Every structure is written in structure tokens, then in C-alpha cells.
Amino acid sequence: MKRFDPDKPWDLTTLPTTAGPEGSLPHAPVQKTAGGRDQCFLGASDVPNAPGLPEAVSTIKNWFRASSLNVLAFGTGCGAIELRPLMTSRFDMSRFGITGAPTPRMSNVFIISGYLSTKTLKRVIRSYEQMPNPKWVVALGSCTINGGMYWDSYNTIKVLDLYMPVDVYISGCMPRPEALIAGFQYLMKEIKAGDANGWHHYLENLDWYRENQKKVIKDWDLPDYSW
Amino acid sequence: MFEINDKTNAPARDHGTDILVRLQARFGALESHRQRQDLLRIEVGQDQLLPVLSWLKGDTPYVQLTHLTAVDWIEEDRFELIYLVTAPALFMTLMISISIDRVSATAESVFNLWLQAETYEQEINEMFGIDFPGSPRQGVPFILEGWDDMPPMRRDFDTVEYCKRTHPERPGRDHTDPRTYVGKKFGEKGYLT
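Residues numbered from 1 in each chain as written. Chains lettered and ligands numbered in written order. Predicted model: local features only at pLDDT ≥ 70, side-chain atom pairs only at ≥ 80, totals over all residues.

Sorry if this is basic, but what is going on with the overall build of chain B here?
In terms of regular secondary structure, chain B is built from five helices and five strands. Order of helices (α) and strands (β) in chain B, N terminus to C terminus: α-β-β-α-β-β-β-α-α-α. Residues counted as buried form 21% of the 193 residues belonging to chain B. Counting only contacts in chain B whose residues sit at least 6 apart along the sequence, the fraction spanning at least 24 positions is 46%. (Helix = DSSP H or I, 4+ residues; strand = E, 2+ residues; numbered from the N terminus. Buried ≥ 20, exposed ≤ 12 C-beta atoms within 10 Å, placed from the backbone. Contact = placed C-beta atoms within 7 Å.)

Okay, here's the thing in C-alpha cells:
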């Protein structure tokens, strides 16, 4: 690999694209988890290789990411009713740097707010894949965990993380806005620690997720990936 | 519309009895049941349905089809179709009920009387498998997408079995002692910090 030339910062071939085998790079970022999730999440590929710099940059990036969460305006179940008091003056989620976003392209947090019928699941998958990376999923209420009161419904999925990656589950039926705030604070903690990598898990295991999705969505007509 | 007359103590006119008397004078004895002050249930024969409904719409204030739904009486081997017909001027609703055979599951369409019946009949066709010949959008999916089983609102459709076959469950824990479980999982405090 060529050395990084400060006079030619646009020359991307000089940048380390992977951490490489052990010992090959003197200051390669520490891999916290198996599977190289850290590199992808921290954006190590575009960080010049200087002592301590990748860690510092990743910390700063994650701090920024945790402080600007844009929630997609997509209410799937009855839990969406809890998002209104959360957004408005009483609980006011903008105190935490959380705000709403009207389209998938403009958002990075997807709140699955309650039960999810198979018909909605198709739209959710389509919207989720259109969101830019990195993105996180917050699953709200017992319906997303084990089906909740829809455990015997023919048209409602029971385990959400079979179909899409979930970073935070918030239990309750319904969770109060305080519980949502606690869940968001937990999500921020995970993002700052570089551990909220559900979106990366989704890309890595797309075949497995697709297989599960096609089992419940009988009239599958989505593209290979909704870019 | 209603006129409030507080000068006399005459009892208000009972629109339910009125319409029942008129219906029976025209179509013979009909079984009826007064569910509520403003709701009267009338059972008519299958062949009387269109004459009754068109007479109600043409010659009486009962001009509005509020709802059309079906009930599955599997023990008696029949479907019951219920037409809610409302007189907005009288604040009175009639439940016109007919019974149809559960096997052939075919009923006459009232699409020619009320255009909005098209949507009700489409939904009943999907959820109960009842056929309304002549109604548009029969067999077009309304709510379900890619449904490949029997109509789900029929009572012999086994929801739990279908659900177990289609939607996997999350395995639960093998004991129900929360103190032990929570303590082991989250430490002495019992909650996630």
C-alpha cells in the first residue's frame, strides 16, 4: 500500500481500506467485535493512519450521530400515539437532539410503533432499505417482541428481529413517553460506544432476512434491495 | 327533521313501530326485534331482500345504506347478512337480516341500489368467501395480499394453527420466577443501567 501523501489527499488508493492482518498497520483501529463491524461503522477506510486518530475520529463521529437522530414519520401500530406527546411540548424529544423526518431518505431512526401486519411489513422493509446508513431501529411495545395481544393473529408478525435488525426494544403495552426517552438514551449510549450496528448486520445477513421476509410476504414484488 | 314541541305532552312518534307496520302490511309477517330505541332488527327471506330494500329506499325515509356485514353461524350451517339501513331524518336504523346457505355462499348484490355496497361486498367476498354475482371488484384483493388459505373470517379457519405455521414464536424462558431471572440477567439492582 502506498503511503498517505499530504499533498495529494484526494488519492484514495493511499488510504487503508481494511484493517488488514494483525501487525501490518501500526495504528490500526481496535476491533471490538468479530466480523469487522467496527471498521464499517466507524468509517475507518477514510481516516488517515495516524496514531490515535481513527479512535478519536470515530468517537467524534459517533458523538455527532448520537446527537442527531431523525425519526421517520411512519406509525405502524397503536404505539404511534405515544410519539405525539413525545414530540410536543410536554416530553419534547428535541431536548435530546431527536427530531422528526418526513421521508426515509431524510431519516436515520425507524420506530416500529407496535403491531406490524404482514402488509405493513412490506412497506416497512421498503422504507427501511431506502434510509441512508447508518440507521437504527427502535421497536416499541410487546407486539414487536413476542406478538403481544396479537399472538394468535393470522396477519401480524410476532418476532420483529427475524425480518429486520432491531437495536433497542422498549417493552410495555404501550410504553409511556418516559420509557421511549429511556430507550432513546440507551440507543445514544450504544451509538456512542459504536455498538448499535444493526444496519450492518442487515447488510451482512441480507439473504437470511430476505428468506424470513419472503416466508410471510406471500406476494413478494420488492427489488433485490430498495436503494 | 325533528321539531321540538314543548307545549304538549304528547309522546314522541315511534318510527320503529311505524315502519314495521308498513313493512308487514306490504310483505307479510316478519320477525322483528327491537334492539334499541333507534335500532330495529327485521328478518326477511332471501327472495324478499331486494323488494324490501328498494321499497325502503324509494318510498320511505330509509335511504342510506350504513353498513353491510356478515355473520358466520356455523352450527346452523348458514351465513347471515345484515344490511343497516338508516333514515337520517328520523335518527332510526333498520337491521335487515337475511340467511344464506353456507355451502353455496351466494347472495344478491345491492350494488344497483347503493354504489357503496361495492366495497362492502368486496370485503365480505374476501373475508367470508361469499359471492355477490354482478357486483364489481369481486375476487379483487381488498385487505389481504397474496392470501393463499381459506377466507380468514370463516369460523372453521383455525387462526392459531395458521399462525403457528406462518409466524414463528420467540422461545420463552423455561421458568417463571422473575426474581431469579431478572437478578441473574441484570444484576442485583434488577434493572438495566
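Looking at this structure, I do not really get the overall build of chain A. What am I missing?
The secondary structure content of chain A amounts to eight helices and five strands. Its helices and strands in sequence order give chain A the pattern α-α-β-α-β-β-α-β-α-β-α-α-α, from N to C terminus. When burial is assessed residue by residue, chain A has 36% of its 227 residues classed as buried. Within chain A, residue pairs in contact and separated by at least 24 positions form 74% of the contacts whose partners lie at least 6 positions apart.

What is the right way to read the interface of chain A and chain B from this model?
Think of interface size as the accessible area that goes away when the parts come together; that is how it is often given. In this assembly, 13 residues from chain A lie in contact with 13 residues from chain B. Looking at the side of chain A that touches chain B residue by residue, the classes come out as six nonpolar, two polar and five charged. (Nonpolar A, V, L, I, M, F, W, Y, C, P; charged D, E, K, R; others polar.)

In this structure, what is going on with the packing of helix 2 (residues 53–66) of chain A against helix 6 (residues 177–192) of chain A? I would like to understand it.
To characterise two packed helices, one gives the angle between the axes of the helices and the distance between these axes. Residue and element names in this part refer to chain A. Look at helix 2 against helix 6: their axes get within 8 Å of each other, and the N-to-C directions meet at 160°. With respect to helix 6, the element helix 2 is oriented roughly antiparallel. As for how helix 2 packs across helix 6, the hand of that crossing is right-handed. Together, Asn 62, Trp 63, Arg 65 and Ala 66 of helix 2 and Met 188, Ile 191 and Lys 192 of helix 6 make up the contact between the two elements. Its residues assigned to classes, the contact of helix 2 with helix 6 comprises four nonpolar, one polar and two charged. (Axes fitted to C-alpha atoms, helices over the stretch in contact; angles between N-to-C directions. Parallel < 35°, antiparallel > 145°, perpendicular 65-115°, else oblique. Left-handed = near helix turned anticlockwise from the far one by under 90°.)

What's the story with helix 6 of chain A in this structure? I'm lost.
Because an α-helix completes one turn every 3.6 residues, residues spaced three or four positions apart along the sequence face the same direction. All names here are of chain A. Taking 1.5 Å of rise per residue, the 16 residues of helix 6 would be expected to cover 22 Å, and the 22 Å separating its terminal C-alpha atoms lies within 8% of that figure. Taken as a whole, helix 6 has its buried residues at Leu 180, Gly 183, Phe 184, Leu 187, Met 188 and Ile 191. Considered in projection along helix 6, the buried side chains sweep an arc of 145° and stay on one side of the axis. In this structure, the buried side of helix 6 is in contact with helix 2, helix 3 (83–87), strand 2 (98–101), strand 4 (136–140) and strand 5 (168–170). Gly 194 lies just past helix 6 and shows a positive phi near 75°. (Expected span 1.5 Å × (residues − 1). Arc of directions from axis to C-beta.)

Is there a simple way to think about the nonpolar core in this case?
Judged by nonpolar contacts, the single largest core of 40 residues is most densely connected at Phe110(A), Ile112(A) and Val138(A). Contributions of two or more residues to this core are made by strand 1 (69–72), helix 3, strand 3 (109–113), helix 4 (118–130), strand 4, strand 5 and helix 6 of chain A. Leaving out residues up to four positions away in the same chain, Phe110(A) has contacts with Leu72(A), Phe74(A), Tyr128(A), Met131(A), Lys135(A) and Val137(A). Of all hydrophobic cores here, the second largest spans 28 residues; its members include Leu56(B), Ala117(B), Met127(B) and Phe128(B). (Core = buried A, V, L, I, M, F, W, Y, C linked by C-beta atoms within 7 Å.)

When you look at the sheet that holds strand 4 (residues 78–87) of chain B in this model, what are you seeing that I'm missing?
Residue and element names in this part refer to chain B. Strands sit in the order 1-2-5-4-3 across an open sheet of five strands; the sheet is mixed. Among the strands making up the open sheet, the edge pair consists of strand 1 (31–36) and strand 3 (64–73). Strand after strand, the sheet turns through a mean of 20° between neighbouring axes, direction not considered. Inspection of the sheet shows strand 2 (residues 39–43) paired to strand 5 (residues 92–101) by five bridges, in the parallel sense. Across the sheet, residue Glu 43 finds its bridge partner in strand 5, namely Ser 97. (Pairing = 2+ DSSP bridges.)

How should I be thinking about the pairing of strand 5 of chain B in this particular structure?
Residue and element names in this part refer to chain B. With ten bridges connecting them, strand 4 and strand 5 associate as antiparallel partners. Bridge pairing in strand 5 places Ile 82 opposite Ser 97. Between strand 4 and strand 5, which pair antiparallel and follow one another directly, the connecting turn spans four residues, one of which, Phe 91, has a positive phi of 55°.

What is the right way to look at the environment of Ser113(A) in this model?
All names here are of chain A. Position of Ser 113 among the secondary structure elements: in strand 3. Since 26 C-beta atoms lie within 10 Å of it, Ser 113 is described here as buried. The spatial distance from the C-alpha of Ser 113 to the C-alpha of Phe 74 is 8.4 Å, given a sequence separation of 39 residues. Sequence-distant contacts of Ser 113, defined by excluding residues within four places in its chain, comprise Gly 75, Thr 76, Gly 77, Gly 79, Ala 80, Leu 83 and Leu 140.

So what exactly am I meant to see when it comes to unusual backbone geometry here?
Most peptide bonds adopt trans geometry, and most residues besides glycine take a negative phi value. Omega for the peptide link from Asn133(A) to Pro134(A) comes to -10°, which places this bond in the cis form. Following the sequence through the fold, Pro134(A) ends up in the loop between helix 4 and strand 4. The peptide bond linking Cys173(A) to Met174(A) adopts the cis configuration, its omega dihedral lying at -10°. Relative to the assigned elements, Met174(A) resides in the loop between strand 5 and helix 6. Residues other than glycine seldom take positive phi values, yet Phe91(B) does so here, at roughly 55°. Inspection of the secondary structure assignment puts Phe91(B) in the loop between strand 4 and strand 5. The backbone of Ala105(B) sits at a positive phi, close to 50°, despite the residue not being glycine. Its location among the elements puts Ala105(B) in the loop between strand 5 and helix 3 (117–128).

Just checking my understanding: could you explain the environment of Leu81(B) for this structure?
Residue and element names in this part refer to chain B. For Leu 81, the location among the structural elements is in strand 4. A C-alpha to C-alpha distance of 4.4 Å links Leu 81 and Ala 70, two positions eleven residues apart in sequence. Setting aside anything within four residues of it in sequence, one finds Leu 81 in contact with Ala 70, Ile 98, Ile 100 and Ala 107.

All we've got here are geometric facts, nothing functional implied.
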